[in-house]
Each structure stands twice: as C-alpha cells, then as structure tokens.
Amino acid sequence: MENDVQPKAGGFMNVHGKDYEVDNVTGRNHEGPAANTPVRRLTATSIIGDPVENTKGERLGKIDNLMINIVSGGIDYTVLEFGAFLGLGGKLFAIPFSKLYLDPDKECFILDRDRASFADMPGFDKTHWPATNDHSYFNDVNNYWGAAIQP
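Okay, so let's go over this structure. (Residues numbered from 1 in each chain as written. Predicted model: local features only at pLDDT ≥ 70, side-chain atom pairs only at ≥ 80, totals over all residues. Heavy atoms only, no water.)

## A short note on the overall build of the chain
Applicable threshold: Every helix listed is a DSSP run of H or I at least four residues long, and every strand listed is a run of E at least two residues long, numbered separately from the N terminus. Relative accessibility under 20% of the residue-type maximum defines a buried residue, over 50% an exposed one, and the middle range a partly exposed one, all with a 1.4 Å probe and only protein chains included. The contact criterion used is simple: two residues touch if any of their non-hydrogen atoms lie within 4.5 Å.
If you tally the helices and strands in the chain, you get three helices and 10 strands. In sequence order, the secondary structure elements of the chain are arranged as β-β-β-α-α-β-β-β-β-β-β-β-α. The buried share of the chain, reckoned over its 151 residues, is 28%. Sequence-distant contacts, at least 24 apart, represent 38% of the contacts inside the chain between residues at least 6 apart.

Right, here's the structure in full:
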C-alpha cells in the first residue's frame, strides 16, 4: 500500500493528491464539497484581542476573552471590551458567540449593533466579573439577546 501523505518542499503536505499550499495561504478551501468556505476554525489565542466592528465599519472594541461551555465544548459567549481608550476604562459585555461573524478580509469580527446600543446592553466592570452561576446576570444577557446562554 502506498503512503498517501507525502512531504513537499516548503513544508506543505500533499495528501491524497491534494496540494494544501493555496488553502493554507488563503485560509479557504478551494475544492471539494465545501469549496471556498471561509475559515472554520481558529485558536482561542488568535480570537482574543481581535477587533470587533459593526456593519457600518465602526470599531466597537475588542474580544477580551472567550467563555467556553465545558459540557458542550462550544463557545457560549465572547467577552467584548467596549469603550476603553489606550487600555483604560471601558466596560465588558457578554456577547453570544453566535451573534458575531468573521470578516476574514478585514481580520475582525462583525457585530450587528451600533455604538449607542451598548448603553442598554447588560455589561460588567473589568474588576467585577459575574459569577459563572450568576443566574440574574445571565438572564439579563439572555433577555437582551434572545439567546439561551446557560449559567
């Protein structure tokens, strides 16, 4: 039986006759049933610190952290830092991860909210995070977003 995985010059692999060099450089799959599907997986460290903009291209803040559901293994919500200037001030907001989408060309996440909407959005101070079992905070977040984040 032949070895289907062969090393290629430059460190890229040729697997089952497919050259991944183009996919690895662009982040897109260029053939098969999911051709040109945008990025599907990112490391947590590559997401944390990413900018978040609204659909008008206005900067809303950056992703401060990710809250992982240890039962399902999925990301329940992102923690968005909004209103900080040079790392000072600002407030944190729990945004359901499903409300963000990646713009790979701009290398940022998009949230369909304007800056004024943060005045009514449930948030918290950087030094006083809600307890992970704080039902009142998560109920406020769920009511605002119409989502089902479980404490």
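## Some points on the pairing of strand 8 (residues 100-103)
Defined as follows: Any two strands between which DSSP finds at least two bridges are classified as paired.
Pairing between strand 8 and strand 9 (residues 108-111): four bridges, direction antiparallel. When the bridges of strand 9 are listed, Asp 103 appears paired with Cys 108. Adjacent in sequence and paired antiparallel, strand 8 and strand 9 are bridged by four residues, among which Glu 107 carries a positive phi angle near 55°.

## Here's the deal with the packing of aromatic side chains
Put simply, the rule reads: Pairing of aromatic rings covers Phe, Tyr and the six-membered ring of Trp, with a centre-to-centre limit of 6.5 Å; geometry is then stacked below 30 degrees between planes, edge-to-face above 60, and tilted otherwise.
Under the definition given, this model contains six aromatic pairs. On the basis of an interplanar angle of 5° and a centroid distance of 4.0 Å, the ring pair of Phe 82 and Phe 118 is categorised as stacked. Here Phe 118 lies in the loop between strand 9 and strand 10 (123-124) and Phe 82 lies in strand 6 (residues 75-85), a separation of 36 residues in the sequence. Overall, Phe 82 belongs to the buried group, its relative accessible area being 13%. Between Phe 97 and Phe 109, the ring centres sit 6.2 Å apart and the planes meet at 55°, which makes this aromatic pair tilted. With Phe 97 in the loop between strand 7 (88-96) and strand 8 and Phe 109 in strand 9, this residue pair connects regions lying 12 residues apart in the sequence. Given a relative accessible area of 23%, Phe 97 falls into the partly exposed group. Given a relative accessible area of 4%, Phe 109 falls into the buried group. An aromatic cluster of three or more residues is present, and its members are Phe 82, Phe 93 and Phe 118.

## With respect to the nonpolar core
Selection criterion: To form a nonpolar core, buried Ala, Val, Leu, Ile, Met, Phe, Trp, Tyr and Cys residues must be joined to one another through side-chain atoms within 4.5 Å.
Core analysis: the biggest nonpolar cluster contains 23 residues, and Val 52, Ile 63, Ile 95, Leu 100, Leu 111 and Phe 118 have the highest contact counts within it. Apart from the residues lying within four places of it in its own chain, the contact partners of Ile 63 are Ile 47, Ile 48, Gly 49, Asp 50, Val 52, Thr 78, Val 79, Leu 80, Leu 100 and Phe 109.

## A few points about the pairing of strand 9
Residues Cys 108 and Ile 110 line one face of strand 9 and the alternating positions Phe 109 and Leu 111 line the opposite face, and both faces are buried. Pairing analysis gives two bridges linking strand 4 (residues 51-53) to strand 9, with the strands arranged parallel. Across the sheet, the residue bridging to Val 52 is Phe 109, located in strand 9.

## Focus: the environment of Tyr 144
For Tyr 144, the location among the structural elements is in helix 3 (residues 135-145). Tyr 144 sits in the partly exposed class, given a relative accessible area of 26%. Sequence separation of Tyr 144 and Asp 120 is 24 residues, and the distance between their C-alpha atoms is 8.7 Å. Setting aside chain neighbours within four positions, we find Tyr 144 in contact with Arg 113, Ser 117, Asp 120, Met 121 and Pro 122.

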